[in-house]
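# Chains, contacts and geometry: an overview
Each chain, written out:
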Amino acid sequence: MAGSNRTLLVLPGDGIGPEVMNEVRKVIAWMGKKRAVGFDITEDLVGGAALDKHGLPVTDDAVKTAMEADAVLFGSVGGPKWDTLPFDKKPERGLLRLRKEMDLFANLRPAKVFDALVDASTLKPEIVKGLDIMIIRELTSGVYFGEPRGVKTLANGEREGIDTQRYTSGEIRRVCAVAFELARKRQNKVCSAEKANVMHTGVLWREEATKLHKESYSDVQLSHMYADALAMQLLRWPQQFDVIVTDNLFGDILSDEASMLTGSLGMLPSASLGAPDATGRRKALYEPIHGSAPDIAGKGLANPLAETLSYAMMLRYSFDLPGEADLVERAVENVLAAGYRTADLLTGGIDDKAAAAKGLKKVGTQEMGDAIVKELDRLV
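Residues numbered from 1 in each chain as written. Predicted model: local features only at pLDDT ≥ 70, side-chain atom pairs only at ≥ 80, totals over all residues. Heavy atoms only, no water.

### Here's the deal with the overall build of the protein
The line we're drawing: Labels follow the DSSP assignment, with helices taken as runs of H or I lasting at least four residues and strands as runs of E lasting at least two, numbered in each case from the N terminus. Radius of gyration: C-alpha atoms only; globule rule: 2.2 Å multiplied by the number of residues to the exponent 0.38. Residue burial is assigned from relative accessible area. The probe radius is 1.4 Å, only protein chains are included, and a residue is buried under 20% of its type maximum, exposed over 50%, and partly exposed in between. Values of accessible area rely on a 1.4 Å probe in the Shrake-Rupley scheme; residue burial ignores everything except the protein chains shown. The convention is simple: Lys and Arg are positive, Asp and Glu are negative, and His and the chain ends are not counted. Just so you know, the charge point we use is NZ for Lys, CZ for Arg, CG for Asp and CD for Glu.
The helix and strand tally for the protein stands at 13 helices and 14 strands. Computed over C-alpha atoms, the radius of gyration of the protein comes to 21 Å, within 12% of the 21 Å expected from 2.2 N^0.38 for 380 residues, which places it in the range of a compact globule. Each principal axis of the C-alpha distribution contributes one length, and for the protein these read about 60 × 50 × 45 Å. In the protein, which comprises 380 residues, the share counted as buried stands at 51%. As presented, the protein carries roughly 16,800 Å² of accessible surface, and 52% of it is formed by carbon and sulfur atoms. Side chains of the protein give 48 positive and 54 negative charges; the mean places of these two sets differ by 2 Å.

### A short note on helix H7 (residues 200–216)
Rule in force here: A helix's residues, less one, multiplied by 1.5 Å, set its expected span. Our arc is simply the arc of the directions from the helix axis toward the C-beta atoms. Should any heavy atoms of two residues lie within 4.5 Å, those residues are considered in contact.
Taking 1.5 Å per residue as the helical rise, H7 with its 17 residues ought to reach 24 Å, and the 24 Å between its terminal C-alpha atoms agrees with that figure. Turning to H7, its buried residues number three or more, namely Thr-201, Gly-202, Trp-205, Glu-208, Ala-209, Leu-212 and His-213. Summarising the axial view, the buried residues of H7 lie within an arc of 135 degrees, below the 170-degree limit, and thus occupy one face. Facing away from the buried side of H7 by more than 90 degrees, the exposed set consists of His-200 and Lys-214. Buried residues along H7 sit against strand S5 (132–138), helix H6 (169–184), strand S8 (189–194), strand S9 (221–226) and strand S10 (243–246).

### Thoughts on the sheet that holds S8
In plain terms, the rule: Two strands pair if DSSP finds at least two bridges between them. Orientation is described by lines fitted to C-alpha atoms, with helices fitted over the stretch in contact, and by angles between N-to-C directions that extend from 0 to 180 degrees.
One open sheet accounts for 10 strands, arranged S2-S1-S3-S12-S11-S4-S5-S10-S8-S9; its pairing is mixed. Whereas interior strands pair on both sides, the edge strands pair on one side only; in this sheet they are strand S2 (40–43) and S9. Across the sheet, the axes of successive neighbouring strands diverge by a mean angle of 20 degrees, strand direction being ignored. Sheet topology places strand S1 (residues 7–13) next to S2; 4 bridges connect them, and they run parallel. What sits directly across from Leu-9, in S2, is Thr-42.

### Considering the packing of aromatic side chains
So the rule is basically this: Paired rings are identified among Phe, Tyr and Trp, the last through its six-membered ring, by centres lying within 6.5 Å, and are further divided according to the angle between planes into stacked (under 30 degrees), edge-to-face (over 60) and tilted (the rest).
Taken as a whole, this structure holds 3 aromatic pairs when the rule is applied. Measuring from centroid to centroid gives 4.9 Å for Phe-180 and Tyr-217, while their planes differ by 20 degrees, and the two rings are stacked. A residue pair is termed long-range when its members are at least 10 positions apart, and Phe-180 in helix H6 and Tyr-217 in the loop between H7 and S9 qualify at 37 residues. Residues Phe-180 and Tyr-217 agree in their burial class; the two are buried.

### Observations regarding the environment of Gly-78
As for its position among the elements, Gly-78 is in the loop between strand S3 (71–76) and helix H4 (92–101). According to the relative accessible area criterion, Gly-78 is buried, its value standing at 5%. When the C-alpha atoms of Gly-78 and Gly-47 are compared, they prove to be 6.3 Å apart, with 31 residues separating the residues in sequence.

### Observations concerning the environment of Pro-276
Note on placement: Pro-276 falls in the loop between strand S11 (269–273) and strand S12 (284–288). For Pro-276, a relative accessible area of 44% corresponds to the partly exposed category. Through-space distance from the C-alpha of Pro-276 to that of Thr-153 is 44 Å; in sequence the pair is 123 residues apart. Discounting residues that sit within four places of it in the chain, Pro-276 has contacts with Arg-281 and Arg-282.

### As for unusual backbone geometry
Of note, the bond from Glu-147 into Pro-148 is cis; its omega dihedral lies within 30 degrees of zero at 0 degrees. Backbone geometry at Ala-36 places phi at a positive 55 degrees, although glycine is not the residue there. Checked against the element boundaries, Ala-36 lands in the loop between helix H1 (17–34) and S2. Non-glycine residue Asp-103 carries a positive phi angle of around 55 degrees. For Asp-103, the position within the fold is in the loop between H4 and strand S4 (106–112).

### Notes on the state of the cysteines
Keep this limit in mind: By disulfide we mean two sulfur atoms from cysteines, separated by a distance within 2.5 Å.
Tallied over the entire structure, the rule returns 0 disulfides. Not part of a disulfide, Cys-176 finds its nearest cysteine sulfur in Cys-191, a span of 11 Å. Residue classification places Cys-176 among the buried positions, given a relative accessible area of 1%.

### A few points about the side chain of Ser-272
Under the convention used in this document: Nitrogen and oxygen atoms within 3.5 Å of one another constitute a polar contact, given that in protein one can donate a hydrogen and the other can accept it, and given that sequence-neighbouring residues count only through two side-chain atoms.
Residue placement: Ser-272 occurs in strand S11. Residue classification places Ser-272 among the buried positions, given a relative accessible area of 0%. Here Asn-107 takes part through its side chain, which lies 3.1 Å from a polar atom of the side chain of Ser-272. When near neighbours in sequence (up to four residues on either side) are disregarded, Ser-272 contacts Leu-104, Ala-106, Asn-107, Leu-139, Lys-283, Ala-284, Leu-285 and Glu-287.

Distances and angles like these do not, on their own, reveal function.
What follows is the structure, given as structure tokens:
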């Protein structure tokens, strides 16, 4: 596949987004030079950056470019500067619009514990060592999009907030299919999570997941668990899980919980995928799960590894380049094993002297990015 055939939209966004994206651009450039994996790259604004220039959290032109691109690499959005804006103008609405219009219904969030970071987790090493979970969150329906929704004033003067949880059988089946397909390439186990004991959408979710499993994926091991019980089991015995599939709200909560098993939000990537078209191509957006971290933005302290690993997921899922994806992931693993740590990876507020005594090197954003490129050179 020639480089000119691969189109990539880069949306750095706000806060630390541009900083971590700069480091990934180094890896992208390395791949183009050393592995002939090039991209036609377009860059645009999203979130607060787009609001400041265009008065919108994302423009129609940016959405059009995203729809036509082979993949979108996203940074982060939001910050206190825009907190007082109306709900429909908040920076996060830009990301939600992209997800909705691109129909990115399957959000893949891996929670993997690198051996070098076992001690960074707040759980005991024997609980998290070797952990490798994939959470698949339905992303375009459920309570975040259901109608009616809003806040209204009642006749007695009280205010009432309404959000509607809704799912169709088709929406449930297509995200469960992604989970089953992915499980076949992993440990062949899927746990489906809902609240069928108290929610009608949970009843439908369990019925449709079971039906699809019986029809097309009986070779995959399927289990069901209430979402609150699963939250408890993630802390008690996370190794029992391989692929977890769940709805939008529970997926939001459970994936953040799972992320902290690894020790830092700064380490975790994600992929949001649409349905395959006639050629097998899926619309896709890749982003770290950390936020814009406005408290450290512009200080060169941000961890670029989640954005780097999001790029690796892009190579794997959008461009079918597992060898190159493995290479990037191996470089990250080796740099961590060599002791490189951004501030978020130094547990308990460890100071520079204590870090050095443990053989750790406290580094900033650019130094971590440079270390990844240097390790890529060494690996090839």
